[in-house]
Protein chains: 2
Amino acid sequence: MPIGKYPAEVHGDSPLQDVLTWRIHIVHAKLNAHAAKFLEGVSGIPLVHWRVMLTIGENGSTTHSAIHRKILMDKGQLSRCLKAMIEDGLVTTHDDEADQRQQRLSLTKKGLRIFRKTLPEMRSRQNFLIGELSKIERKSIFSALDKLERAAGNFGFAA
Amino acid sequence: MPIGKYPAEVHGDSPLQDVLTWRIHIVHAKLNAHAAKFLEGVSGIPLVHWRVMLTIGENGSTTHSAIHRKILMDKGQLSRCLKAMIEDGLVTTHDDEADQRQQRLSLTKKGLRIFRKTLPEMRSRQNFLIGELSKIERKSIFSALDKLERAAGNFGFAA
DNA sequence: ACTTTATTGTTGACAAGTCAACTATTATCC
DNA sequence: GGATAATAGTTGACTTGTCAACAATAAAGT
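In short, a report on the structure.

This part is about the overall build of chain A. The secondary structure content of chain A amounts to 7 helices and 3 strands. Order of helices (α) and strands (β) in chain A, N terminus to C terminus: α-α-α-β-α-α-β-β-α-α. Across the 159 residues in chain A, those meeting the buried criterion constitute 48%. A separation threshold of at least 6 residues defines the contact pool for chain A, and within that pool the share at least 24 residues apart is 53%. For chain A, the exposed area adds up to about 8200 Å²; of that, 54% sits on carbon and sulfur atoms.

Quick look at the structure:
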């Protein structure tokens, strides 16, 4: 027996379709797919690799865990990602004299070349996306994301 | 040989850290983990199941593909999700006379009970999250997400 | 000094998300 | 009415994301 429409007071009056978390879930999936495809065309590297390369390139040189803290990527994922990037000849490591546990990471010549080629492309994509927004939306979305992130607290992301 | 800091004109002046797609990636992950844990406490069902239950409950009864279109969940994922929900006794199907391909879905008594218990909890969570935002942010974030979704185009989500 | 605690990074196991091929049914269009 | 295309839903293979246990080194506390 099918159960009919539920009384109004049960599902209230607010539009359920814009459940915030789900909206973000969907938009995230689309932006991600878009970025990945775009990047594939530009440099042929995976999105996650780019995100890491960006962090290294930005600083010139960093450590594994500095990246982890900065972009909040899962440690395990990051470890495997860097391993692949080293195999691909994009990143090199050299020992940190002061701390035997960590290694300093930097881009190879090849990595740097790709970084330089990709950065402006990715930036113009970003500008395109942001350009679609009004000035107010542009300002609001970043602050709103910050607040939501804080409100969600520290779930996920095993330290 | 480590490669030093790159010249300013290479990485420009805009703060790279708020690369939009990545910000959304992170916020999404946190909101998701938060929602999942919250829901686990309330009803013990997975987030995706809830999202589907919400859609069925909202309409009283729907079809597989109507859900797919409405919430943009992957067909395959949805298929397996519904299968599990039927096994759990939350959803029942009955044949659609008009179209042999599809089946109408509705909540069972048990499903409805959980739906009724969970909805207000999830709504108050949503209100809490939204309550953190200013009026402007609240308005902007939804419209901004819409625009970004459109700008990202129809990548991903195999029809 | 030496035990305890924290940090760094690796690994394995698992869960969730994505894509594409495939069957069965219905709609469309000469 | 019969070929062609579209839609509904299932399934398998694969990718990505997440968590937790672990070894190695460093820092802190007594």
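From this point on, the discussion continues.
Turning to the sheet that holds strand 3 (residues 103-107) of chain A, a few remarks are in order. All names here are of chain A. Taken together, the 3 strands give an open sheet; going across it, the order is 1-3-2, and neighbouring strands pair in antiparallel fashion. Each edge of the open sheet carries a strand with a single partner, namely strand 1 (61-63) and strand 2 (91-95). Each strand of the sheet is rotated relative to its neighbour by a mean of 35°, with strand direction disregarded. Pairing analysis gives 5 bridges linking strand 2 to strand 3, with the strands arranged antiparallel. Looking at strand 3, one finds that threonine 92 is bridged to serine 106.

All names here are of chain B. One can describe the packing of helix 4 (residues 64-71) onto helix 5 (residues 75-87) by two numbers: an axis separation of 10 Å at closest approach and a directional angle of 130°. As far as their axial angle goes, helix 5 and helix 4 are oblique. Between helix 4 and helix 5 lies a crossing of right-handed hand. Where helix 4 approaches helix 5, its residues His64, Ile67 and His68 are matched on the opposing element by Lys75, Leu78, Ser79 and Leu82. Broken down by class, the residue content of the contact of helix 4 with helix 5 amounts to 3 nonpolar, 3 polar and 1 charged.

Strand residues, when the strand is regular, have side chains that alternate between the two faces of the sheet. Sheet topology note: the strand 1 of chain A/strand 3 of chain A ladder contains 3 bridges and is antiparallel. Bridge pairing links serine 61 of chain A to serine 106 of chain A in strand 3 of chain A.

Right, let's get into the protein's contact with DNA strand C. Taken together, 23 residues lie around DNA strand C, and Ser65, Ser79 and Arg80 of chain A together with Gln77 and Gln100 of chain B are the ones closest in. In DNA strand C, atoms within 4 Å of the protein come from the sugar-phosphate backbone in 61% of cases. Lysine 75 of chain A places a polar side-chain atom, nitrogen or oxygen, 3.1 Å from a base oxygen of DNA strand C. Note that a base oxygen of DNA strand C is positioned 2.8 Å from one of the side-chain N or O atoms of arginine 101 of chain A. Taken together, the elements giving at least two residues each to the surface near DNA strand C come down to helix 2 (20-42), helix 4 (64-71) and helix 5 (75-87) of chain A together with helix 5 of chain B. Ranked by the residues each element gives to the surface near DNA strand C, the list is headed by helix 5 of chain A, at 4 residues.

Okay, the sheet that holds strand 1 (residues 61-63) of chain B next. All names here are of chain B. Read across the open sheet, the 3 strands follow the order 1-3-2; overall the sheet is antiparallel. With one partner strand each, in any of the chains shown, strand 1 and strand 2 (91-95) form the two edges of the open sheet. If you compare each strand with its neighbour and ignore which way they point, the axes differ by 35° on average.

Its 13 residues place the ends of helix 3 (residues 47-59) of chain A 19 Å apart at the C-alpha level, agreeing with the 18 Å of an ideal helix rising 1.5 Å per residue. Every buried residue of helix 3 of chain A is listed here: Leu47, His49, Trp50, Arg51, Val52, Met53, Leu54, Thr55, Ile56, Gly57 and Glu58 of chain A.

Residues and elements named next belong to chain B. Tracing the chain through its elements places histidine 49 in helix 3 (residues 47-59). For histidine 49, a relative accessible area of 11% corresponds to the buried category. Along the chain, histidine 49 and arginine 80 lie 31 residues apart, while their C-alpha atoms are 10 Å from each other. Those residues in contact with histidine 49 that lie beyond four places of it in its chain are Cys81, Ala84, Met85 and Asp88.

This part is about the pattern of salt bridges. Any two side chains of opposite charge can pair, given that their charged atoms come close. Inspection of every chain in the model, using the stated rule, returns 14 salt bridges over all chains. Where aspartate 99 of chain A meets arginine 101 of chain A, a salt bridge forms, and the shortest distance between an N and an O atom there is 2.9 Å. The class of arginine 101 of chain A is exposed, set by a relative accessible area of 75%. A salt bridge links glutamate 137 of chain A to lysine 147 of chain B; the shortest N-O distance between them is 2.9 Å. Of this pair, glutamate 137 of chain A sits in helix 7 (residues 135-152) while lysine 147 of chain B sits in helix 7 (residues 135-152), on two different chains.

All names here are of chain B. Mapped onto the elements, threonine 118 comes out in helix 6 (residues 109-131). For threonine 118, a relative accessible area of 0% puts it in the buried group. Here serine 43 takes part through its side chain, which lies 2.5 Å from a polar atom of the side chain of threonine 118. Leaving out residues up to four positions away in the same chain, threonine 118 has contacts with Leu39, Val42, Ser43 and Trp50.

Parameters at a glance
- Residues numbered from 1 in each chain as written.
- Chains lettered and ligands numbered in written order.
- Predicted model: local features only at pLDDT ≥ 70, side-chain atom pairs only at ≥ 80, totals over all residues.
- Heavy atoms only, no water.
- Helix = DSSP H or I, 4+ residues; strand = E, 2+ residues; numbered from the N terminus.
- Buried < 20%, exposed > 50% of the residue type's maximum accessible area, 1.4 Å probe, protein only.
- Contact = heavy atoms within 4.5 Å.
- Areas by Shrake-Rupley, 256 points an atom, 1.4 Å probe, with all protein chains shown as cover.
- Pairing = 2+ DSSP bridges.
- Axes fitted to C-alpha atoms, helices over the stretch in contact; angles between N-to-C directions.
- Parallel < 35°, antiparallel > 145°, perpendicular 65-115°, else oblique.
- Left-handed = near helix turned anticlockwise from the far one by under 90°.
- Nonpolar A, V, L, I, M, F, W, Y, C, P; charged D, E, K, R; others polar.
- Near = heavy atom within 4 Å.
- Polar contact = N/O pair within 3.5 Å; in protein donor to acceptor, adjacent residues only side chain to side chain.
- Expected span 1.5 Å × (residues − 1).
- Salt bridge = Lys/Arg side-chain N within 4 Å of Asp/Glu carboxyl O.

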